Amino acid sequence: MPANFEKQSYWRERFASETSFEWLASSAAFMDVLAPYLQHLANSARILHLGSGTSDLHIHLRQHGFLDVTNIDYEPLALERGQHLERNQFGDVRTKYFVGDATRLELEERYHVAIDKSTADAIACGVDDAVVSMAKGVRRCLEDNGFWVCLSYSPSRFENEHVKRIFEIEVISKVPTSKTRPTDPDIFHYCYLLRPKRQTQQSSR
Ligand SMILES: C[S@@+](CC[C@H](N)C(=O)[O-])C[C@H]1O[C@@H](n2cnc3c(N)ncnc32)[C@H](O)[C@@H]1O
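Source: prediction; values computed, not measured. (Residues numbered from 1 in each chain as written. Predicted model: local features only at pLDDT ≥ 70, side-chain atom pairs only at ≥ 80, totals over all residues. Heavy atoms only, no water.)

Before going further, it helps to spend a moment on the sheet that holds strand β1 (residues 47-50). One open sheet holds the 7 strands; their spatial order is β3-β2-β1-β4-β5-β7-β6, and the pairing between them is mixed. The open sheet is flanked by β3 (96-99) and β6 (167-176), the only strands paired with a single partner. Ignoring strand direction, the axes of neighbouring strands in this sheet form an average angle of 20°. Here 4 bridges tie β1 to strand β2 (residues 69-73), and the two strands are oriented parallel to one another. When the sheet's bridge partners are listed, His-49 is paired in β2 with Asn-71. Across the sheet, helix α2 (residues 27-38) is in contact with β4 (111-117), β5 (142-152), β6 and β7 (188-196); its angle to β4 comes to roughly 150°. (Pairing = 2+ DSSP bridges. Helix = DSSP H or I, 4+ residues; strand = E, 2+ residues; numbered from the N terminus. Axes fitted to C-alpha atoms, helices over the stretch in contact; angles between N-to-C directions. Contact = heavy atoms within 4.5 Å.)

Turning our eyes to something else, we now look at the pairing of β7. Counting buried positions along β7 gives 7 out of 9 residues, so the element sits mostly inside the fold. Two elements, β5 and β7, share 5 bridges in a ladder whose sense is antiparallel. Within β7, the residue paired with Cys-150 across the bridge is Tyr-192. (Buried < 20%, exposed > 50% of the residue type's maximum accessible area, 1.4 Å probe, protein only.)

For helix α6 (residues 130-141), which comprises 12 residues, the first-to-last C-alpha distance of 17 Å matches the rise-based estimate of 16 Å (1.5 Å per residue) to within 8%. Residues of α6 that are buried include every one of Ala-130, Val-131, Val-132, Met-134, Ala-135, Gly-137, Val-138, Arg-139 and Cys-141, and no others. (Expected span 1.5 Å × (residues − 1).)

Around the ligand there are 20 residues in total, and Gly-51, Asp-73, Asp-101, Ala-102 and Lys-117 lie nearest to it. At 3.4 Å, a backbone N or O of Gly-53 approaches an oxygen atom of the ligand. Between the ligand and Asp-101 there is a distance of 2.9 Å, counted from a nitrogen atom to a side-chain nitrogen or oxygen. Put simply, the parts of the chain that give the shell around the ligand at least two residues each are α1 (8-17) and α5 (119-124). Broken down by element, the residue count for the shell around the ligand peaks at 3 residues, all from α5. In the shell around the ligand, the residues fall into 8 nonpolar, 8 polar and 4 charged. (Near = heavy atom within 4 Å. Polar contact = N/O pair within 3.5 Å; in protein donor to acceptor, adjacent residues only side chain to side chain. Nonpolar A, V, L, I, M, F, W, Y, C, P; charged D, E, K, R; others polar.)

These figures capture arrangement, not role.
And the structure:
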């Protein structure tokens with residue numbers, strides 16, 4: 001990704017004309033990966049959708065019965081786009097929208113699930129410890145038995161020792177990308193499951 005993917009000005013300009021776009025995978029394909037992890041949750045589970053952009057992931061979550069979904073993005077236009085998509089689909093807006101920086105999360109609620117589709121990737125284009133700041137913030141607002149699912153293009157998105165101290169990290173799916181020619185190399189996207197480590201809560205503060 002070019003370095004400006006972490007800049008809000010990049011996204012503002014982009015969302016001025018873009019009303020709907022999916023990074024890395026369609027929401028339907030991502031929901032297939034998420035399904036085994038979401039199926040044990042009550043419909044009242046609190047879900048934090050990080051860097052919602054112009055994705056329709058919140059629509060899919062709502063279709064699966066999850067209404068307590070908070071969509072966060074630092075670019076207000078993204079949230080306008082998200083509300084428009086939801087209203088178009090359901091005739092009303094019931095999920096929540098919050099302008100916020102995912103590298104400085106200080107939220108009142110604690111969530112059962114945090115989900116991001118390539119938001120950590122965009123954040124990783126910024127300063128070196130931006131993903132660490134994001135991870136610490138996600139930990140602060142996750143329930144102790146909650147989890148974070150992240151879809152990333154990077155096989156080493158969470159290699160940082162600080163992140164490993166806070167979370168148990170597992171790749172739950174390697175999603176092959178489509179090829180234009182049979183001779184193209186195999187390229188994957190990586191779906192990470194991050195579960196809080198109890199003993200390191202102190203270091204997440
Ligand atoms: C690569 S796009 C992914 C969008 C969407 N999740 C998808 O799958 O299509 C990254 C998104 O994260 C948002 N973003 C980037 N840095 C952010 C930050 N520090 N805090 C909140 N949102 C951020 C951008 O505005 C953009 O909507």
